[in-house]
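Survey of secondary and tertiary structure
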Amino acid sequence: MFRRIIKTIWGWIDDRLGLSAQIIPMLTHRVPPDARWWYVFGSATLAAFLIQVITGVILSFSYVAAAGEAFNALIYITKDAPFGRFLRGMHYFGASAMVLMIGIHALQVFWFGAYKFPRELNWITGVMLLGLTVGMGFTGQLLRWDQTAIWSVVVGAEQAGRAPLAGSWIARFILGGGNVGGATLSRFFAIHGFVLPALLFAIIGAHLQLVLRNGISEPPRPGSVVDPKTYRQKYEERIEKTGTPFWPDSAWRDVVFAAAMIGGVVLCAWGIGPPVLGRPPDPSIVHADPRPDWYLIWYFSVLALLPPGTENLFMIFAPLLAGAGLLLLPLLFPHGERHFSRRPAGVAGVVMLLVMVGSLWRSGMDSAWVPDLTAAPISKEIVASDDPLVQRGAQLFSSKGCISCHRIGPGGGQRGPDLTDVGDRLTRDQITIRILNGATNMPPYADILKPDELDALVRFLVSRQVHGSLLYDPSLPAQK
Ligand code: HEC
């Protein structure tokens, strides 16, 4: 009796939804038998995305996207909310896992030449998903709403601001105004929580549909050439003869790998925990630290290492070219050999990319161009003046964060010019104008410094002349 009721209900649902007519055949469709461990990274990316959706939705219950509240909300989530610290950790390491998996997935697909006919659109939707994933990382950083988070975004907006014609408009659009503030946070929250996820869901759907429609690619063999006239037919015949059902013969590897990856994220979230919250954002302390999360840091190295004149051009055109190149790749090379031993240019491209990103990444990790937040205050010997105003200026030079970008004597950051004897180079007015207006890579201080503070700073910098710095002995040990 009971079983009959269940059976009737199931029959009703199954008939209306078409589960056994559509979903089950989808799960058990035949795939090439030799599609082994190389093929697990796509499903692992999907698993990481699901972690992000689940943890993101739960975090959004307690997060407050308002400039005055966000930092406190994060403190509350981390310290008091049940499992809050763990959830933030999961969301942070889940993001890293997703970037890592999508990167490996893309490399593997490229290496196997699987972007060729008939899977061009699989590749193109994949490139879109890659872009959206990076966009999620970039917008997510700001929601952390501490000094570091804000500065990464300011630098991003500054870069966009240098684009020809539309630059300042784009920068204003990103920031929601002329400066990072409450409007920026609301905007990023909406983009991070609604716009990009909606696009991700839609394009992931299309991507999966394309995988079903075009079949999983068979591992390439040297000499077997992709010819659009015969490819589909050959593929069907091969699958007919040797294919195995996706579920469970092939999918168990996806399940095992995804479970291991999730296990890794859980361990990191539990053991290491979420990124420590820096200082709450306070625009009066411009402690610039535009150090983005790890997967973007290599790009910041590129910008820092380029000769100053080329920076603008590069920043705008390199990402455009790279994006266009990736999108067009399958349309430019849809046929021919798929095996890497017959695609020397493709192999050279991958090796170059890995070496380049790897070394840039390294230089980004220990780079002089990242503002040095640990720079010690300027010592008395180096100030070398009895004028209390000059001494106050020297203090402000550290407390307002100038020193994290500028050297004076032996200590300080190297993002901006050395100011040890700036008094010889610039007049009082030039220095004042520079501080008030900022410059490329230097924030404007007009709204931040009080008149007497500005006065003291300028007095201090004007005093930085060779005769004033005679007391500075270059053989002194560095202050760091
Ligand atoms: C984020 C890093 C950063 C911070 C913080 C910063 N600066 Fe700068 N500063 C720069 C850069 C980069 C330049 C060079 C800009 C250019 O030439 O386009 C510069 C240029 C200058 C110059 C002109 C130097 C010259 O030789 O032309 C002065 C003076 C100066 N900064 C003073 C200050 C003072 C005072 C503060 C703190 C109130 C400060 N800066 C904070 C990055 C910074």
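Let me sum up the structure you'll find in this document.

In the vicinity of the ligand there are 21 residues, among which Cys402, Cys405, His406, Arg425 and Met442 approach most closely. Contacts to the ligand include His406, whose side-chain N or O atom sits 2.8 Å from a nitrogen atom. Residue Arg425 places a side-chain N or O atom 2.3 Å away from an oxygen atom belonging to the ligand. Across the shell around the ligand, the residue classes break down as 13 nonpolar, 5 polar and 3 charged.

The next point concerns the side chain of Arg119. Considering the arrangement of structural elements, one finds Arg119 in the loop between α5 (84-111) and α6 (120-143). One buried charged residue, Arg119, forms no salt bridge at all, with the nearest opposite charge on Glu218 at 4.4 Å. Setting aside chain neighbours within four positions, we find Arg119 in contact with Ala114, Asn214, Gly215, Ile216, Ser217, Glu218, Tyr231 and Tyr235.

Glancing now at the coordination of the iron atom of the ligand. In the first shell of the iron atom of the ligand, the protein supplies His406 (NE2) and Met442 (SD), at 2.0 to 2.1 Å from the metal. For His406, a relative accessible area of 10% corresponds to the buried category.

Below, the discussion takes up the packing of helix α3 (residues 41-62) against helix α11 (residues 246-271). In the contact formed by α3 and α11, the axes pass within 9 Å of each other and the chain directions differ by 40°. Taken together, the axes of α3 and α11 are oblique relative to one another. Seen along the crossing, α3 lies across α11 with a hand that is right-handed. Between α3, through Phe41, Ser43, Ala44, Ala47, Ala48 and Ile51, and α11, the contact on the second element is made entirely by Asp254, Phe257, Ala258, Met261, Ile262 and Val265. Across the contact of α3 with α11, the residue classes break down as 10 nonpolar, 1 polar and 1 charged.

What follows deals with the packing of aromatic side chains. If you walk through the whole model with that rule in mind, you get 16 aromatic pairs. Between the aromatic rings of Tyr39 and Phe112, the centroid separation amounts to 5.9 Å while the plane-to-plane angle is 75°, which identifies the pairing as edge-to-face. Taken together, the residues span a long stretch of sequence, with Tyr39 in the loop between β1 (30-31) and α3 and Phe112 in the loop between α5 and α6 at a distance of 73 residues. Of the two residues examined, Tyr39 and Phe112, each falls in the buried class. When the ring of Phe86 is compared with that of Trp270, the centres are 4.9 Å apart and the planes differ by 65°; the resulting orientation is edge-to-face. Placement of the pair is Phe86 in helix α5 and Trp270 in helix α11, with a sequence separation of 184 residues. Taken together, the aromatic side chains of Trp38, Tyr39 and Phe112 make up a single cluster linked through ring pairs.

Definitions and limits used
- Residues numbered from 1 in each chain as written.
- Predicted model: local features only at pLDDT ≥ 70, side-chain atom pairs only at ≥ 80, totals over all residues.
- Heavy atoms only, no water.
- Near = heavy atom within 4 Å.
- Polar contact = N/O pair within 3.5 Å; in protein donor to acceptor, adjacent residues only side chain to side chain.
- Nonpolar A, V, L, I, M, F, W, Y, C, P; charged D, E, K, R; others polar.
- Helix = DSSP H or I, 4+ residues; strand = E, 2+ residues; numbered from the N terminus.
- Buried < 20%, exposed > 50% of the residue type's maximum accessible area, 1.4 Å probe, protein only.
- Lys, Arg positive; Asp, Glu negative; His and termini not counted.
- Salt bridge = Lys/Arg side-chain N within 4 Å of Asp/Glu carboxyl O.
- Contact = heavy atoms within 4.5 Å.
- Donors = N, O, S within 2.8 Å, 3.2 Å for Na, K, Ca; no water.
- Axes fitted to C-alpha atoms, helices over the stretch in contact; angles between N-to-C directions.
- Parallel < 35°, antiparallel > 145°, perpendicular 65-115°, else oblique.
- Left-handed = near helix turned anticlockwise from the far one by under 90°.
- Phe/Tyr/Trp six-rings, centres within 6.5 Å; stacked < 30°, edge-to-face > 60°.

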